[in-house]
Amino acid sequence: MVRSDNKQLAINIFSNICIYVLQFVISFLLTPFIVKALGVEAYGFVGLSNNIISYTTLITVALNAMASRFISIEYHKNNIKKANVYFSSVFYGNLILGIIMMAISSVIVLYLEYIVNIPEKLVSDVKILFILLSVNAILGIITSVFNIATFVKNRIDLRSIRTAIGNVLRALSLLIVFSVFTPKLWLLGISGMICTTYLIIVNIQYTRLLTPELKVNYKNFDWTSVVLLVTSGLWSLLTAMSDMFAKGFDLLLSNIFIDATSMGLLSLSMSIPMILQSICTSLSICFAPSWTLYYAKKDTVRLKYELAKSIRIMGFMSLLPLCILFSYGDIFYSLWLPTQDYQMIYYLTVIGCLGYIFAFPLDSVWEIFTVTNKVKLAAINLIVNNFMVFGIVMIGMFLTESNIVKLFILAGTRSFMIAFRSLTFLPLSGAKLVEMKAWALYKPALKNLLSILIICIISILFKNILFDSTWLSFLVCCVITIIIGVMVSAFVTLNSSDREYLLSIIKAKLKIG
């Protein structure tokens, strides 16, 4: 049975929210456990190792960035033969890149203790962790083409179910290995391998179920198609490289210019924002499959309407966690990580999230650059923006002696530039690509800002009246904020058609009326 676009969009969004609620719960339960078992210094090396590995994966970005778009468009045009050429070319291209990545990772692990500051007692553990995470990343990249089927068929909900089960497997395996063996940093890599193995198997099954026409065949490998994909994705590669300079070096720079403990605090302060950013990115992707279809069918009227609607929905979905974090973050960290410098973690988190007030509602607009194959425009802006961030951070590291100021520079510079980019280039250029007025994109984003200000003011007043430093009190305040937030944003952020649509979904789920 073919689902309507609105119904499938609602399912995709709901499933993504569920997965990240689950991810938050798992992180909420496991992070104090890991920090207590390994220490804050060791915890920081988990994020740092992932960041260093992400540097090596840059060589795969150009090939993979536009793969979903090209395969999806050919598939919807019923040009299955050409779709299979892209499908097989991406697989074998990634296989070659995976071998190259393995060689690069091997060299890095040999000299890892000379690249970053690692306490002597942790050198072996960090190296083994790095090896396991590298293998994990390479396997994921080689098989990434099998993840495209859910995009092609607009079944992002299936991707969410898969990810949810994978996260549960990761958490359970981590608890088991930490219980059976002496807690070691590299055991985190074992749990990651278990999760990745499951994801690969399920992705292959989804491809066979949803797009049985798409098959890997070495006879379909075509260098010309690889060159076309790489050429189209080249600007995405440059964007990823510049993004690495803007935020990928945060932990590395804190390790080099401050110390391992400060790196651990910065890593902890980034844990919740990273989940929120992942939620936002995943919600944005929910709009892309239908936009790609509208673009392929040249339905520009519907594309414009859906673009404006996406900003209202993204704002509505993102403002509640931001309001809770801003209003109660200090209390949350004091209850969650009482043995750490929770006040500093809260300040770093707030500074790092301020830019998201403007970025989250407009995040879906980035997808329009991919849909219209105009990633070059977005890439140039991101490159300039991110190198400015890196330059400001490096100047700050050399000009100040205070470790606290250095931490704030690392946390705040990117946040400020995200806000600037989201209020200038993104709405202006995004509107131009679909030939609509920029005010149509600014208006819902500014309404969302008003909602956040109102909700935060009310929430802080309730906190001062009701809070008594317990989890129960914290949860009561959160519930109050959610209720108030939904009421305020429903009338400030959303329009009448959005409210009617959401009410119809709620009534259908509750079988009312």
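**Details of the overall build of the protein chain**
- Regarding its fold elements, the protein chain presents 23 helices and zero strands.
- Here the protein chain holds 513 residues, and the buried ones make up 55% of them.
- Restricting to contacts in the protein chain with at least 6 residues of sequence separation, those with at least 24 account for 84%.
- Carbon and sulfur atoms make up 69% of the accessible area of the protein chain, which amounts to about 22,900 Å² in all.

**Some points on the packing of helix α12 (residues 250-257) against helix α13 (residues 260-296)**
- Between α12 and α13, whose axes approach to 9 Å, the crossing angle comes to 160 degrees. With respect to α13, the axis of α12 lies roughly antiparallel. When the axes of α12 and α13 are compared, the crossing they make is right-handed. Between α12 and α13, the residues in contact are Asp 250, Leu 251, Ser 254 and Asn 255 and Met 263, Leu 266, Ser 267 and Met 270, respectively.
- Classifying every residue of the contact of α12 with α13 gives four nonpolar, three polar and one charged.

**Brief notes about the packing of aromatic side chains**
- This structure, assessed with the given rule, holds 20 aromatic pairs.
- Each member of the aromatic cluster is reached from another via a ring pair, and the members are Phe 87, Phe 91, Tyr 92, Phe 146, Phe 221 and Trp 223.
- A cation over a ring is seen here: Lys 82 above Tyr 86, with NZ or CZ 4.8 Å from the ring centre.

**Observations regarding the environment of Gly 412**
- Looking at the element boundaries, Gly 412 is found in helix α19 (residues 403-423).
- For the pair Gly 412 and Gly 355, spaced 57 residues apart in sequence, the C-alpha separation works out to 8.8 Å.

**A few points about unusual backbone geometry**
- For Asn 78, which is not glycine, the phi torsion reads 65 degrees and is therefore positive.
- Along the polypeptide, Asn 78 turns up in the loop between α4 (67-76) and α5 (80-110).
- Residue Asn 78 is classed as exposed on the basis of its relative accessible area, which comes to 66%.
- A positive phi angle, near 60 degrees, is found at Lys 298, a position not held by glycine.
- Within the secondary structure layout, Lys 298 lies in the loop between α13 and α14 (300-336).
- For Lys 298, a relative accessible area of 70% translates into the label exposed.

**Observations concerning the nonpolar core**
- Grouped together as the largest cluster of nonpolar side chains are 114 residues, with contacts concentrated most on Phe 45, Ile 118, Leu 185, Leu 188, Trp 291, Leu 322 and Tyr 333.
- A per-element tally of this core places α14 first, with 18 residues.
- Discounting residues that sit within four places of it in the chain, Leu 188 has contacts with Ile 34, Leu 38, Val 46, Leu 129 and Leu 174.
- Grouped together as the second largest cluster of nonpolar side chains are 24 residues, Leu 97, Met 101, Val 152 and Val 375 included.

**Some details on α12**
- Taken across its eight residues, α12 has six buried, putting it largely inside the fold.
- Along α12, the positions that sit buried rather than exposed are Asp 250, Leu 251, Leu 252, Leu 253, Ser 254 and Asn 255.

**Some thoughts on the side chain of Asn 385**
- For Asn 385, the location among the structural elements is in helix α18 (residues 375-399).
- Setting aside residues up to four positions removed in sequence, Asn 385 forms contacts with Met 417 and Arg 421.

**Section: the packing of α14 against helix α15 (residues 342-353)**
- In contact at an axis separation of 8 Å, α14 and α15 are set at 165 degrees when each is read in the N-to-C sense. Relative to α15, α14 is oriented roughly antiparallel. You can see that α14 and α15 cross each other, and the crossing is right-handed. Facing α14, whose interface residues are Leu 322, Leu 325, Phe 326, Gly 329, Asp 330, Tyr 333 and Ser 334, α15 presents Tyr 342, Gln 343, Ile 345, Tyr 346, Thr 349, Val 350 and Cys 353.
- When the residues that make up the contact of α14 with α15 are grouped by side-chain class, the tally is nine nonpolar, four polar and one charged.

**Looking at the pattern of salt bridges**
- For the structure on display, the rule yields five salt bridges.
- Between Arg 302 and Glu 306 there is a salt bridge; the shortest N-O distance is 2.9 Å. Highlighted residues: Arg 302 and Glu 306, both in helix α14, separated by four residues, approximately one helical turn.
- Since its relative accessible area comes to 28%, Arg 302 is described here as partly exposed.
- Exposure remark for Glu 306: the relative accessible area of 3% places this residue in the buried category.
- One continuous salt-bridge network, built from bridges that share partners, spans Arg 302, Glu 306 and Lys 309.

**Observations regarding the confidence of the model for the protein chain**
- With 90% of its residues at a pLDDT of 70 or more, the protein chain has an overall mean of 83.
- No element of the protein chain has a lower mean pLDDT than helix α23 (residues 496-510), which averages 67, and none a higher one than α15, which averages 93.

How each quantity is defined
- Residues numbered from 1 in each chain as written.
- Predicted model: local features only at pLDDT ≥ 70, side-chain atom pairs only at ≥ 80, totals over all residues.
- Heavy atoms only, no water.
- Helix = DSSP H or I, 4+ residues; strand = E, 2+ residues; numbered from the N terminus.
- Buried < 20%, exposed > 50% of the residue type's maximum accessible area, 1.4 Å probe, protein only.
- Contact = heavy atoms within 4.5 Å.
- Areas by Shrake-Rupley, 256 points an atom, 1.4 Å probe, with all protein chains shown as cover.
- Axes fitted to C-alpha atoms, helices over the stretch in contact; angles between N-to-C directions.
- Parallel < 35°, antiparallel > 145°, perpendicular 65-115°, else oblique.
- Left-handed = near helix turned anticlockwise from the far one by under 90°.
- Nonpolar A, V, L, I, M, F, W, Y, C, P; charged D, E, K, R; others polar.
- Phe/Tyr/Trp six-rings, centres within 6.5 Å; stacked < 30°, edge-to-face > 60°.
- Lys NZ or Arg CZ within 6 Å of the ring centre and 35° of its normal.
- Core = buried A, V, L, I, M, F, W, Y, C linked by side-chain atoms within 4.5 Å.
- Salt bridge = Lys/Arg side-chain N within 4 Å of Asp/Glu carboxyl O.
- pLDDT = per-residue confidence, 0-100.

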